[in-house]
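Listed here are the chains, written in short residue letters.
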Amino acid sequence: MQRTHPGALAYVKRGAFLSAVLLSTFLHASCGGESSGDSATSATASIEGRAQALAVPPGWTGRPPKYEVINGITVPPEPAPTLNNSTLTGVDINNNGVRDDVERKIATDFGGNQTIYTSALIHARAQQTLVVSGRQPYLNQICNSPYKFDKKFDGITKIQFNNPAREQVYYDLARQPVTISADGGCQ
Amino acid sequence: MTLLRLLLVTFFLASPALAHAARLVYVNGIQNSFEDALDTSKRLLALMQQSPSKFNLDKPDKLTFVWNKIGFSGVSKGEPDLNEDLQELFASKTNEEFYALDFQKIKLPHQSAFTGDLDAEAAVRITQRIANELESIRAPISVLSEEIDKHIAANEAVIVIAHSQGNLIANLGWAKAVATHGEKVRRQLRIVNVANTTRRSPNDLNFTHAGDAALFYRADVAACPENSLETLPSRKNWKRLSPVCSANNDGVTPAICDFNLSPPTFKASNSGSGSIDSGSVIGGGIDACLDHSIVLTYMSEAVVEQEIDQGIDFSNSRAFKQRLVDFIYQGIKSTILTPNLALSDDFLGSTIDSTKWTLVGLSDGSSPQSPTVANSWITFPQSSRISTEGKLTFTGRKIVIESRMVGLSGSRDTGIYLVDTMETGASLGNSIWFGDTTYYNAMYAGAYGIYSNPAPYILVTSGTSTNQWMEYRLTIDGDRVTVERGMTLNQIDSSQTRTFTLARSIVGRSFFLNIGTGGPAYSPGTFDWVRVTTTQ
């Protein structure tokens, strides 16, 4: 049975508008406009990441991106690596808090097991929160949810923090200890 | 009055320790993502919450973890970061060989945490060796030390639970704490070494089983590739030069030598030292081969037996996870000074209790006069003293002597001596003492012999001599002495409290008690009760 993520519906409703924006941007780029895909990675680029998701990356063929179904789960298209890796936050075209390439990886690796899949999404969404909002919001998400860690999630982490700038965000988690309370809170 | 005192004594004995919660701190081993370490920490805290408390202690309600990153970056990438972790281990184990002898000098077994020696200079030397660790190890040592410092400053006890590589970090955290906080670690810090990668367990709380193939070469199973830390150098052909490793022991040429580890302390219940899996289902994946994971193995239901007795007070369950809980509570318990009521006498009946006392008289050679025991008092005439020598001896880091006593005549010297067992009979040459006398017209306290500096004795006095019943307390904590008195011990007159420092600590010495009156002109003297508590 096909499952649809909450974010996917919003995308479909925006579809016509997005197509127009993408086409317009493509034409602008073709006429000598500067590509945003090569902008330097920055720790302050989190907002730009989403904005760029609506832009046409270099080499775009002109067709609007299409959702795919992997293991029965509707997922966004694979973002162009250059664009996706040009900011800390990357591309999250359906705005569901999980980077699109990570979302596809989760569907591929865990789509066949609803329980693990759910925890994998929490894992990825929390890690994206770490990138976007910082340490405590990340801890709030991962400690106050039905999250069950699985060693296999290391594969998600590897993709989530797939370049030095992103890796640094994860690395910085080690700078402070974390205190867990019996009531489940973390800080 | 006597009944009330008995009730108080009963309460005292029934309460071996105040409710005492400790902060747990976890440090993970290699190849643990942040989420993995967090998950283990949550499981550890849940295990403590779900298990019955022990020793009348509060259950820990918080656990802090220090994340020891995967490799150099924290992100698992497979082979490259595993190699980085192995490089860290190699560097740390090599470094350990340079401070191993010094580490032996800062070992503080949990059973003798308040009496064992701590060499602060050795701790400083070890701390200086932290600079030789890789940056990826120095960082968690620093975070752990800050966490320990924070809780020690808040007067809280900290139990560090280290797993695998985390032990190399935690042991250096111990050394740093000893160097920074000295004596405070006795009652504020313990390390539980789970799957111990080090050569030492600072508090004899080593929780390691013989079938751990990530540690011990002999635990390898044919179906799995060799993984032991012991044989890491030969497996990788990594050479080193250290105090215990050089070619032909020339002290100059690097060589390949296997590592030394602490011996395992547990074994599978149904096999000598083979796989812990025998008869127990533990985990899956790589841990089915290694039996090394803290969650899948050391917090499992597998039944294990002790291979080395470390003085742990175990629960009935022999499951690994309960044994771990027992270790943690043992660590907490050992941070608490537990007083022991070593002597209590209300002088009931009509004669001295000969299981406790012997009549000794004075050291002036005069014939000792027998005291009178009546109405739950003991009254000493002139030249009369009794001693516990050969019957009761007192040792400890802290000794407290309490008594209700009085000299009712106009000339009195009613007092108590804690006498070093190097003395015999009526001799009081090396002793610590207190009482009330008209000779000084005061409450007095002091010391003779090896406890006195300057020679021949220390003397402090306070208030004026009184023929009123008073309750006295002499507290000796290491080398610090406090003497105080009041109508009752709950009504101490702080203006009469006096303190002084002995020439040496009482730790490691043993004593007997001697009570009675002074010279012929300074009697009689009467005691209602006397008691001695010692704390190791």
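Above this text sits the structure in question.
All values derive from a computational prediction rather than experimental measurement. (Residues numbered from 1 in each chain as written. Chains lettered and ligands numbered in written order. Predicted model: local features only at pLDDT ≥ 70, side-chain atom pairs only at ≥ 80, totals over all residues. Heavy atoms only, no water.)

1. Let's talk about the packing of aromatic side chains
Residue and element names in this part refer to chain B.
Working step 1: Going through the model one piece at a time under the given rule, you end up with 32 aromatic pairs over all chains.
Working step 2: Aromatic pair Phe-90 and Trp-238: ring centres 5.3 Å apart, planes at 70°, arrangement edge-to-face. You can see Phe-90 sitting in helix α3 (residues 79–104) and its partner Trp-238 sitting in the loop between α8 (232–236) and β6 (266–268), a full 148 residues away along the chain.
Working step 3: For Phe-90, a relative accessible area of 12% puts it in the buried group.
Working step 4: For Trp-238, a relative accessible area of 21% translates into the label partly exposed.
Working step 5: Directly above the aromatic system of Phe-314 lies the positively charged group of Arg-323, at a separation of 4.5 Å from the ring centroid. (Phe/Tyr/Trp six-rings, centres within 6.5 Å; stacked < 30°, edge-to-face > 60°. Helix = DSSP H or I, 4+ residues; strand = E, 2+ residues; numbered from the N terminus. Buried < 20%, exposed > 50% of the residue type's maximum accessible area, 1.4 Å probe, protein only. Lys NZ or Arg CZ within 6 Å of the ring centre and 35° of its normal.)

2. Topic: the packing of α3(B) against helix α4 (residues 120–129) of chain B
Residues and elements named next belong to chain B.
Working step 1: One way to put it is that α3 packs onto α4 with a least axis distance of 9 Å and a crossing angle of 170°. If you check the angle between α3 and α4, you find them roughly antiparallel. Facing α3, whose interface residues are Asn-95, Phe-98, Tyr-99, Asp-102 and Phe-103, α4 presents Ala-122, Arg-125, Ile-126 and Arg-129.
Working step 2: Grouping the constituent residues of the contact of α3 with α4 by class yields five nonpolar, one polar and three charged. (Axes fitted to C-alpha atoms, helices over the stretch in contact; angles between N-to-C directions. Parallel < 35°, antiparallel > 145°, perpendicular 65-115°, else oblique. Contact = heavy atoms within 4.5 Å. Nonpolar A, V, L, I, M, F, W, Y, C, P; charged D, E, K, R; others polar.)

3. Here we look at the pattern of salt bridges
All names here are of chain B.
Working step 1: For the structure on display, the rule yields 31 salt bridges over all chains.
Working step 2: The closest approach of N and O atoms between Asp-39 and Arg-43, which form a salt bridge, is 2.8 Å. Note that Asp-39 and Arg-43 are positioned in helix α2 (residues 34–50) at a spacing of four residues, about one turn of the helix.
Working step 3: When its relative accessible area of 40% is taken as the criterion, Arg-43 is described as partly exposed.
Working step 4: Put simply, Glu-183, Arg-186, Arg-397 and Asp-477 are held in one network by salt bridges that share partners. (Salt bridge = Lys/Arg side-chain N within 4 Å of Asp/Glu carboxyl O.)

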